[in-house]
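# A closer look at the structure
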2 protein chains.
Amino acid sequence: MVKDIIVFRYGHRIVRDFRVTTHVCLVARALKASKIIIGGLQDNELEQNINRINLLWGGDFKVEFVENWWSILKEYKRLGYSLVHLTMYGEESHKRLKNIIKKDKILVVIGSQKVPREIYELSDYNISIGNQPHSEIGALAIFLSKLIKDKQMYSDFKNAKIKILPSKLNKNILKLDKNSAK
Amino acid sequence: MVKDIIVFRYGHRIVRDFRVTTHVCLVARALKASKIIIGGLQDNELEQNINRINLLWGGDFKVEFVENWWSILKEYKRLGYSLVHLTMYGEESHKRLKNIIKKDKILVVIGSQKVPREIYELSDYNISIGNQPHSEIGALAIFLSKLIKDKQMYSDFKNAKIKILPSKLNKNILKLDKNSAK
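Rules behind the numbers
Residues numbered from 1 in each chain as written. Chains lettered and ligands numbered in written order. Predicted model: local features only at pLDDT ≥ 70, side-chain atom pairs only at ≥ 80, totals over all residues. Heavy atoms only, no water. Helix = DSSP H or I, 4+ residues; strand = E, 2+ residues; numbered from the N terminus. Polar contact = N/O pair within 3.5 Å; in protein donor to acceptor, adjacent residues only side chain to side chain. Contact = heavy atoms within 4.5 Å. Buried < 20%, exposed > 50% of the residue type's maximum accessible area, 1.4 Å probe, protein only. Patch = residues over 30% accessible without salt bridge, like charges linked within 9 Å, V, L, I, M, F, W, Y side chains within 5 Å. Areas by Shrake-Rupley, 256 points an atom, 1.4 Å probe, with all protein chains shown as cover. Salt bridge = Lys/Arg side-chain N within 4 Å of Asp/Glu carboxyl O. Least-squares fit on C-alpha atoms with pLDDT ≥ 70 in both. Pairing = 2+ DSSP bridges. Axes fitted to C-alpha atoms, helices over the stretch in contact; angles between N-to-C directions. Phe/Tyr/Trp six-rings, centres within 6.5 Å; stacked < 30°, edge-to-face > 60°. Lys NZ or Arg CZ within 6 Å of the ring centre and 35° of its normal.

Tracing the backbone through its elements, the reader meets A:Gln132 in the loop between β6 (125-128) and α6 (136-147). A polar atom in the side chain of A:Gln132 sits 2.8 Å from the side chain of B:Arg29. Contacts of A:Gln132, omitting those with residues within four sequence positions, involve A:Met88, B:Arg29, B:Ala30, B:Trp57 and B:Phe157.

Written as structure tokens, this is what we have:
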């Protein structure tokens, strides 16, 4: 069973990529990744947005920006993380998932701009979520959803100030006081 | 087994939403929806982008813009489509999926801006893909991936001019001549 999931996003441009990278962060956080590493320019607004979500909704999902992404990827590999690069050119994911979910620690790599050859070569797996032009946000979401059990999507986040009470029809938000929050 | 999937996106603003709605379209197309209906302003550039993808990669995924979305939703409901609205406030999806995948025809509703109350009430299901702040692109991708078998993500698209040959390491694109293309 996977114990730690980190997402690495290759490429981020201030302003232009703000919304798309925000979507990537939300997917990673909601699906229990511990951290996203963004290989691109430091974007304080994006980081503050995600930190505000943590403060209200809980958990300690982290956002990091790195310029020297190559040494970071190699460092995580050295630490025992399996590098799984999601690319439309890769192998069919269902043929590799059985192996991948046995790993303890996974670093998922997704691109935005054209991904350099070195990432294909450093990765332990280059897999596709369908061999069609795709959204990297969608591909990441499907891949992460396969690593965790459906129920985990509904598990509590630590230190949340609010949580949703699932409802057939209504928007039910429960305010949690500090003492009752896990 | 689901025979037809249509995606309805509530809200689209020219320029501002271009990239995010494009991601939504790519997810819908890659995961075998037949059509996306966008309740918002006609965006010719977006439509042309998706049509260019169809021309090269195959299939006949359609993009439609409607202003009077309310009557369209009611019309599809009358035609026997089950309306499934994805919302972070909704019921836990794994509790409802067994019923949903038995449906013949599904219209998946996703929001962008705040979704009006009427959509909650008209929908047959309001379900969440996790009760956390989420990306509607990610939520749509996970939901659609649950409606189809993993292998379907790799099935051929009709009249494709090119297709990918899945590879461990390389970008292999096969050009299909007209006669061999299915």
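So, next bit.
In this structure, A:Arg117 sits in helix α5 (residues 117-122). A relative accessible area of 35% places A:Arg117 in the partly exposed class. Excluding its chain neighbours within four sequence positions, the residues that come into contact with A:Arg117 are B:Leu169 and B:Asn170.

This part covers a nonpolar patch on the surface. There is a patch of nonpolar side chains on the surface, built from A:Ile14, A:Val15 and A:Leu41 and spanning about 290 Å² of accessible area. Topologically, A:Val15 is positioned in the loop between β1 (4-10) and α1 (18-30).

It is worth spelling out the relation of the copies chain B and chain A at this point. Placing chain B over chain A gives an RMSD of 0.0 Å and needs a rotation angle of 180°, together with 0.0 Å of translation along the axis. The operation mapping one copy onto its partner corresponds to a two-fold rotation axis. Taken as a fraction of all interface residues of chain B, those also at the interface in chain A reach 100%, which identifies the copy contact as same-surface.

Residue and element names in this part refer to chain B. Within strand β5 (residues 105-110), five of the six residues are buried, which leaves the element mostly enclosed by the surrounding structure. The sheet contact formed by strand β4 (residues 82-92) and β5 spans four bridges and is parallel. Bridging from a neighbouring strand, His 85 pairs with Val 109 of β5.

Residue and element names in this part refer to chain B. The six strands are arranged β3-β2-β1-β5-β4-β6 in an open sheet whose pairing can be described as parallel. Taken across any chain shown, the strands that pair with only one partner, and hence form the sheet edges, are β3 (62-66) and β6 (125-128). On average, each strand axis in the sheet is tilted by 30° relative to the strand beside it, whichever way the strands run.

Residues and elements named next belong to chain A. Read across the sheet, six strands follow the order β3-β2-β1-β5-β4-β6 without closing on themselves; strand pairing throughout is parallel. At either margin of the open sheet sits one strand with a lone partner, and together these are β3 (62-66) and β6. Direction aside, the axes of adjacent strands within the sheet are offset by 30° on average. Where β1 lies against strand β5 (residues 105-110), six bridges are found, and the strand directions are parallel. Residue pairing across strands places Val 7 opposite Val 108, the latter belonging to β5.

A few words on the packing of aromatic side chains. Enumeration according to the criterion identifies eight aromatic pairs over all chains in this entry. An angle of 90° between the planes, with centres 5.1 Å apart, marks the rings of B:Tyr76 and B:Tyr81 as edge-to-face. With a relative accessible area of 10%, B:Tyr81 lands in the buried category. By way of ring pairs, the aromatic residues A:Phe8, A:Tyr10, A:Trp69 and A:Trp70 are connected into one cluster. The cationic tip of A:Arg29 hangs over the ring face of A:Phe157; the distance from NZ or CZ to the ring centre is 4.4 Å.

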